[in-house]
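Okay, here's what each chain looks like letter by letter:
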Amino acid sequence: MKRTTLLLALVACSVAPFAASAAPAPTGGIPAGADNFYKSNTVSGERVNFVNQYKMNVVGTLYRPRSLRSGTHAPAVIVGHPMGAVKEQSSQLYAQKLAEQGFVTLAIDLPFWGESDGEPRNLVAPELYVEAFSAAVDFLGTRDFVDRNHIGALGICGSGGFSIAAAKLDPRLKAVATVSMYDMGAVTRNGLKHSVSLEQRKALLEKAAEQRYEEFTTGKGIFLNYLPAKPDDRTDPVTREFWDFYRTPRGIAIPKGYTLEQTQNRMLSSEVRFMNFYPFNDIETISPRPMLFIAGSEAHSLEFSEEAYRLAGQPKELYIVPGAGHVDLYDRVDMIPFDKLIAFFKKSLDAK
C-alpha cells in the first residue's frame, strides 16, 4: 500500500492526545481568521468531570453565558472534538461561540484522549467514544440550570460520526449538527473516494493482527506516525492540510512530557476497530429529530457529509461553505457559519 493511500485511509483527523496549551512548533502560515484558542469575555468556563457507564471519568469544559439568570433552565449543546484531538482544539472555540448566544455548552475529551480516562492512551475505541456523548447528556440533564428536554450535539470531524451514532441510541439528543464530518468507519475501510481496494483492506487487517503479537509480548503499543515533523515535497495535500493545523502554533497542543512527534500517534492494532464502525446505518431512525451537516465546498471530506445527508430522514439540511476546506472549519471564524449553527440549535432546541 502506498504511503499516501495509507495516510488518507488512516490519518483522518488524527491530532494531539490530551489537554495542553499552545506551544512553540515549526512555523506554518496561519490563515486569516484562524482563532483556535479563542477566549470569550461573555461566558464562564469551568473544568468538569463525570463518569460514563464504564465507570471512566470523562472530562470537559462547561461554558455558561455570564448573563444566564439564576433559576433559568437553558438549552445545552455537547461539542465533540476531531478524531484524536482534545477539547482545546476546535471544540472549545465552537462551545464558546454557542454559549455567547445563550446555550450551556460542554466541550468534552473523548475517552483515551485529553484529560479523560482510558489506558493505553490514544486508543481507538468507537463504542466508548459514542458512549461519551450519552454520559455528557447524563451530566447536563442533572444540572439545575439545564433544560434536560433540550440537549443537542455538535460533532466536528470524527466526532460528527460519533454524535450521529450516539443519537441513534439516545433519543435525549434532540438535534445533531456536524462540521467537516469524517465517517471514520468508511475512511478506514475504503479510504477517501474509495481509494482503498478490498485486497489492501485485508492486507491492513493482516498487518494489524500480526502487530498484536508484538504488543502482547512486549506489553507496549506500536504506534504509527501520521504526520511528519516537517512536510517536504513528497507530502500529499491532505497530510499537509492537517500539518498546517496540528503541527504549528495555529492549533498545536503538546502535553507535558510528550514530544511533538508523539502527539499524532495511534496504534494500528486498535485503529482497525473502525472497520466495524458504521455510523450511517439506520441514520434515518433519528428522524424527526433535525440534523444539519456543514462542510466546505473544497473539503476532501465532503463525501461523508453528502452521504449522511442522502441517508438521513427529515428534517435535514446540507450546508456547504463556499471555498472552505476541511480544516478551515476547525478554527477560521471568518468562514465558520456560526449564524447557521446558532439558528439551527435555537430552532431545534426551542431556545428563546
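Residues numbered from 1 in each chain as written. Predicted model: local features only at pLDDT ≥ 70, side-chain atom pairs only at ≥ 80, totals over all residues. Heavy atoms only, no water.

Asker: Can you tell me about the packing of aromatic side chains, naming the residues and giving the values?
Answerer: One pair of aromatic rings is described through two measures. These are the centre distance and the angle between the planes. Under the counting rule described, the total for this entry stands at 13 aromatic pairs. Ring plane angle 85 degrees and centroid distance 5.3 Å describe the contact between Phe245 and Tyr330, whose orientation is recorded as edge-to-face. Of this pair, Phe245 sits in helix 7 (residues 237-246) while Tyr330 sits in helix 10 (residues 328-331); the two residues are 85 residues apart in sequence, bridging distant segments of the chain. No difference in accessibility class separates Phe245 from Tyr330, as the two residues are buried. For the pair Phe274 and Phe277, a centre-to-centre distance of 6.3 Å together with 50 degrees between the ring planes defines the contact as tilted. Three or more aromatic residues joined by ring pairs form one cluster here, namely Tyr129, Phe162, Phe274 and Phe277. (Phe/Tyr/Trp six-rings, centres within 6.5 Å; stacked < 30°, edge-to-face > 60°. Helix = DSSP H or I, 4+ residues; strand = E, 2+ residues; numbered from the N terminus. Buried < 20%, exposed > 50% of the residue type's maximum accessible area, 1.4 Å probe, protein only.)

Asker: Requested: an account of the packing of helix 3 (residues 126-141) against helix 4 (residues 159-169), with residues and values cited.
Answerer: Put simply, helix 3 and helix 4 touch, their axes get as near as 8 Å, and they point 65 degrees apart. Relative to helix 4, the crossing made by helix 3 is right-handed. On the side of helix 3, the interface is formed by Tyr129, Val130 and Phe133, while helix 4 contributes Ser159, Phe162, Ser163, Ala165, Ala166 and Leu169. Within the contact of helix 3 with helix 4, the residues separate by chemical class into seven nonpolar, two polar and no charged. (Axes fitted to C-alpha atoms, helices over the stretch in contact; angles between N-to-C directions. Left-handed = near helix turned anticlockwise from the far one by under 90°. Contact = heavy atoms within 4.5 Å. Nonpolar A, V, L, I, M, F, W, Y, C, P; charged D, E, K, R; others polar.)

Asker: Residue-level account of unusual backbone geometry, with values.
Answerer: The amide bond that connects Ser287 to the next residue, Pro288, takes the cis arrangement and shows omega of 10 degrees. Mapped onto the elements of the fold, Pro288 is located in the loop between helix 8 (268-271) and strand 9 (291-296). Residue Pro315 is reached from Gln314 by a cis peptide bond, and omega for that bond is -5 degrees. A positive phi is found at Phe112, a non-glycine position, where the angle reads about 80 degrees. Along the chain, Phe112 turns up in the loop between strand 4 (104-108) and helix 3. Its relative accessible area of 6% is what places Phe112 among the buried residues. You will see that Asp282, though not glycine, has its phi angle at about 65 degrees, which is positive.

Asker: Outline the nonpolar core, listing residues and values.
Answerer: Grouped together as the largest cluster of nonpolar side chains are 94 residues, with contacts concentrated most on Tyr94, Leu140, Leu154, Phe162 and Phe345. Here the element with the most residues in this core is helix 3; it accounts for ten residues. The residues contacting Phe345, other than those within four sequence positions of it, are Val77, Leu98, Phe103, Gly152, Ala153, Leu154, Ala175, Ala177 and Asp350. The next biggest cluster of nonpolar side chains, apart from the first, holds seven residues, and it includes Leu224, Leu268, Val272 and Met275. (Core = buried A, V, L, I, M, F, W, Y, C linked by side-chain atoms within 4.5 Å.)

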